[in-house]
Amino acid sequence: MSEQMIPRADRNLAMELVRATEAAAIAAARYMGMGKKEAGDQAAVDAMRTFLKTVEMRGTVIIGEGEKDQAPMLFNGEQVGNGEGPEVDVAVDPVEGTTLLAEGRPNSITSIAVADKGSMWDPGNSFYMNKIVVEAEAKSAIDITKSPSSNLYNIAEALGRNVEDLTVFVLDKPRHMSLIEEIRQTGARITLHAEGDVIGALMAAVPGTGVDVLMGVGGTPEGVIAAAAVKALGGGMQCMRAPQRVEEKRQLKQDGVQLKEVLTLDTLIRSNNTFFAATGITASSFLDGVHFDRRGGVTTESIVLRSLTGSIRYIKGVHRLNRTHDIGGNIGTTPAHVAMEIIAPD
């Protein structure tokens, strides 16, 4: 654990991160339902990157928008922060659920995770992984090498409940046909979602959300981001690489990767000093989305987590939109500019 990270973190870093996700969410929300996936994502990237320049840290992006030649901003390896303060690894997902945002559907969020320098697992050429996530009381009950049904019965026992009372978060993908059928055979309930690895993990790890377990194959980068949140919540998470494409399988074989390796929370994030922040873009049962009201105000809902203290903060932000800079009245002003003015650093 990095000693230098502790003194200012309680008063500064965690809350600065949520302001970055608020800015990204506000910028992206302007594109809700407009059918413009790339534009919404780019607005979030612009706002988040600009705000991160003001945060007192020396960060290196481990999980970003991709390699530098593919992602000019928030690329893997990019240095973020103001060049002062603690040295940290940074993982970002400016918009989880770009299709959800473009179509105006629930559960699109923006998120960021930070941990001590050198502690975040680098996925390399691994793009997909099989995951299981549960809350703290069931973390000793999971074993990803066992069948989904075995895990569900063990989770139910750990929680003191019937398996029929469990609700499992699964991505609605063709690759999950057999998983869905097996879950149904146990009698457990299923909530299907088109996208949402990170929000699904959050809902599974936070008690009382209506989701008890996340199961299935999702993105590897999202798995690392979610791991920071699950660790802060004291939950349980296990993963295994699950390549879905021929090129991914070929590259992992060439890299000598063992596909049967179980990736635990401590594999994904070796530090016990993690921060996580997420803000809703479109509305969901877990985090409300961005709302623009008639009087020029903007409201956001966020969650902020820290592993060292186990603190969980739900933040309802009420922000004032300066109408003279509203993108509806100024052609040269972008949603990212507007968001940055709303969430301007002190």
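Above this text is the structure in question.
Residues numbered from 1 in each chain as written. Predicted model: local features only at pLDDT ≥ 70, side-chain atom pairs only at ≥ 80, totals over all residues. Heavy atoms only, no water.

Here we come to the overall build of the chain. Counting its regular elements, the chain contains eleven helices and 14 strands. A buried classification covers 56% of the 346 residues belonging to the chain. Here the analysis covers contacts within the chain between residues at least 6 apart in sequence; of these, 69% occur between residues at least 24 apart. On the chain, roughly 15,000 Å² of surface is accessible, and the fraction owed to carbon and sulfur atoms is 47%. (Helix = DSSP H or I, 4+ residues; strand = E, 2+ residues; numbered from the N terminus. Buried < 20%, exposed > 50% of the residue type's maximum accessible area, 1.4 Å probe, protein only. Contact = heavy atoms within 4.5 Å. Areas by Shrake-Rupley, 256 points an atom, 1.4 Å probe, with all protein chains shown as cover.)

Attention now moves to the nonpolar core. The nonpolar side chains of a soluble globular protein tend to be buried with one another. By size, the foremost hydrophobic cluster in this structure holds 43 residues, and its most contacted members are Met120, Val133, Met237, Leu268, Phe276, Phe286 and Leu305. Here the element with the most residues in this core is helix 8 (residues 220-233); it accounts for nine residues. Setting aside chain neighbours within four positions, we find phenylalanine 286 in contact with Ile199, Leu202, Met203, Val206, Thr209, Ile303 and Tyr314. Judged by nonpolar contacts, the second largest core, of 34 residues, contains Leu52, Val55, Val90 and Ile315. (Core = buried A, V, L, I, M, F, W, Y, C linked by side-chain atoms within 4.5 Å.)

With that out of the way, let us pick up the pattern of salt bridges. Per the stated rule, a full pass over the model turns up ten salt bridges. Among the salt bridges present, the one from lysine 117 reaches glutamate 87, with a minimum N-O distance of 3.1 Å. In this pair, lysine 117 sits in the loop between strand 4 (109-116) and strand 5 (128-134) while glutamate 87 sits in strand 3 (residues 87-96), placing the two residues 30 residues apart along the sequence. Here lysine 117 falls in the exposed class, since its relative accessible area comes to 54%. The class for glutamate 87 is partly exposed, based on a relative accessible area of 28%. Between aspartate 212 and arginine 161 there is a salt bridge; the shortest N-O distance is 2.7 Å. Of this pair, aspartate 212 sits in the loop between helix 7 (197-205) and strand 8 (213-219) while arginine 161 sits in the loop between helix 5 (148-159) and strand 6 (167-171), placing them 51 residues apart in sequence. A relative accessible area of 8% means that aspartate 212 is categorised as buried. Of the residues examined, arginine 161 reaches a relative accessible area of 32% and is grouped as partly exposed. (Salt bridge = Lys/Arg side-chain N within 4 Å of Asp/Glu carboxyl O.)

The sheet built from six strands is open, its strands ordered 7-6-8-5-9-10 with mixed pairing. Edge positions in the sheet fall to strand 7 (189-193) and strand 10 (263-264), since each of these pairs with one other strand and no more. Relative to strand 10, strand 9 (residues 236-241) runs antiparallel, the two being bridged by two bridges. Residue glutamine 238 lies in a different strand from strand 10, and its bridge partner there is threonine 264. Sitting on the sheet, helix 6 (residues 177-186) touches strand 6, strand 7 and strand 8, and the angle it makes with strand 7 is about 155°. (Pairing = 2+ DSSP bridges. Axes fitted to C-alpha atoms, helices over the stretch in contact; angles between N-to-C directions.)

Turning our attention to the packing of helix 7 against helix 8. Contact geometry for helix 7 and helix 8: axes closest at 9 Å, N-to-C directions at 20°. Here helix 8 runs roughly parallel to helix 7, going by the angle between their axes. The handedness of the crossing between helix 7 and helix 8 comes out as right-handed. Contacts between helix 7 and helix 8 involve Asp197, Val198, Ala201, Leu202 and Ala205 from the first element and Glu222, Ile225, Ala226, Ala229, Val230 and Leu233 from the second. In terms of residue class, the contact of helix 7 with helix 8 is made up of nine nonpolar, no polar and two charged. (Parallel < 35°, antiparallel > 145°, perpendicular 65-115°, else oblique. Left-handed = near helix turned anticlockwise from the far one by under 90°. Nonpolar A, V, L, I, M, F, W, Y, C, P; charged D, E, K, R; others polar.)

Right, let's get into the pairing of strand 4. Strand 4 sits mainly inside the fold: eight of its eight residues count as buried. Bridge count between strand 3 and strand 4: seven bridges; the pairing is antiparallel. Bridge pairing links aspartate 93 to serine 111 in strand 4.

With that settled, consider the pairing of strand 13 (residues 297-306). In terms of residue burial, strand 13 counts as a mostly covered element, since ten of its ten residues are buried. Because side chains alternate across strand 13, one face comprises the buried residues Gly297, Thr299, Glu301, Ile303 and Leu305, and the other comprises Val298, Thr300, Ser302, Val304 and Arg306, equally buried. Note: strand 12 (residues 291-292) against strand 13, two bridges, orientation antiparallel. Its bridge partner lying in strand 13, phenylalanine 292 is registered against valine 298. Hairpin connection, strand 12 to strand 13: the antiparallel pair is bridged by four residues, and glycine 296 has positive phi, about 90°. Relative to strand 14 (residues 311-320), strand 13 runs antiparallel, the two sharing ten bridges. From the neighbouring strand, glycine 297 faces strand 14, where its bridge partner is arginine 320. Between the end of strand 13 and the start of strand 14, which pair antiparallel, lie four residues, with glycine 310 showing a positive phi angle near 70°.

With that settled, consider helix 5. Given a rise of 1.5 Å per residue, twelve residues ought to cover 16 Å, and the 16 Å separating the end C-alpha atoms of helix 5 matches this to within 8%. Among the residues trailing helix 5, glycine 160 stands out with phi positive, at a value near 70°. (Expected span 1.5 Å × (residues − 1).)

The subject of this paragraph is the packing of helix 5 against helix 6. Each pair of packed helices can be summarised by the angle the axes make with each other and by the distance between the axes. Two elements in contact, helix 5 and helix 6, have axes whose closest approach is 9 Å; the angle formed by their N-to-C orientations is 40°. When the interaxial angle is binned, helix 5 and helix 6 end up oblique. Between helix 5 and helix 6 the crossing geometry is right-handed. Listed contacts from helix 6 to Pro148, Ser149, Leu152 and Tyr153 of helix 5 are Leu179, Glu182, Ile183 and Thr186. Of the residues that constitute the contact of helix 5 with helix 6, the class distribution is five nonpolar, two polar and one charged.

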